[in-house]
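Listed below are the residues making up each chain.
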Amino acid sequence: MSAPFTIERGLIKAPQVTGHFMGGNVLLHLDADAIKSPLRPGLRCTRGACSWRQVPHKSEPPPYAGTLLLQIHAQGRGDSLHALAAGANGNLSARCCRGRYAPRWRN
């Protein structure tokens, strides 16, 4: 992960946190108001193209193929990671490009 950030008058901004996850790139934008209690962070996350084969599945190989794109926009409140996760709300969007489903039928 690479995370340049600034702190100015209690406002924390990390406009371009980059990393690698499940064989692809992740881009995060994080901002938080650390003056108010509880902490109120906002997060925007984009997961670049990921092959469905990289997503864990019970069968090998998985019964689907294609490319998956994910975006998350979330906000939360809390003074711990548990409180932030428990009270978070936002949007998750997923898009499948060139996807296909090919289940293996068993007798």
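Student: Which residues make up the overall build of the protein, and what values do they have?
Tutor: When helices and strands are counted, the protein shows 1 helix and 6 strands. Put simply, the protein runs from its N terminus to its C terminus through helices and strands in the order β-β-β-β-β-α-β. Sequence-distant contacts, at least 24 apart, represent 37% of the contacts inside the protein between residues at least 6 apart. For the protein, the exposed area adds up to about 8100 Å²; of that, 57% sits on carbon and sulfur atoms.

Student: Would you mind going over unusual backbone geometry in detail, with residue names and values included?
Tutor: Negative phi is the rule for most residues except glycine; trans is the rule for most peptide bonds. For Arg9, which is not glycine, the phi torsion reads 55° and is therefore positive. With respect to the helices, strands and loops of the structure, Arg9 is situated in the loop between strand 1 (6–8) and strand 2 (11–21).

Student: Before we move on, can you summarise the nonpolar core with the specific residues and values?
Tutor: Core analysis: the largest hydrophobic core is formed by 5 residues, namely Ala14, Val17, Val26, Leu28 and Cys45. Among the secondary structure elements, those contributing two or more residues to this core are strand 2 and strand 3 (24–33).

Student: Tell me about the sheet that holds strand 6 (residues 89–101), and name the residues and values.
Tutor: Within a beta sheet, neighbouring strands are joined by backbone hydrogen bonds and run either parallel or antiparallel to one another. Pairing in this open sheet of 6 strands is antiparallel, and the strands run 1-2-3-4-5-6 from one edge to the other. Of all strands in the sheet, those bounded by a partner on one side alone are strand 1 and strand 6. Within the sheet, the average angular offset between the axes of one strand and its neighbour, ignoring direction, is 10°. In terms of strand pairing, strand 1 meets strand 2 through 3 bridges, oriented antiparallel. From the neighbouring strand, Thr6 faces strand 2, where its bridge partner is Lys13.

Procedures and definitions
- Residues numbered from 1 in each chain as written.
- Predicted model: local features only at pLDDT ≥ 70, side-chain atom pairs only at ≥ 80, totals over all residues.
- Heavy atoms only, no water.
- Helix = DSSP H or I, 4+ residues; strand = E, 2+ residues; numbered from the N terminus.
- Contact = heavy atoms within 4.5 Å.
- Areas by Shrake-Rupley, 256 points an atom, 1.4 Å probe, with all protein chains shown as cover.
- Core = buried A, V, L, I, M, F, W, Y, C linked by side-chain atoms within 4.5 Å.
- Buried < 20%, exposed > 50% of the residue type's maximum accessible area, 1.4 Å probe, protein only.
- Pairing = 2+ DSSP bridges.
- Axes fitted to C-alpha atoms, helices over the stretch in contact; angles between N-to-C directions.

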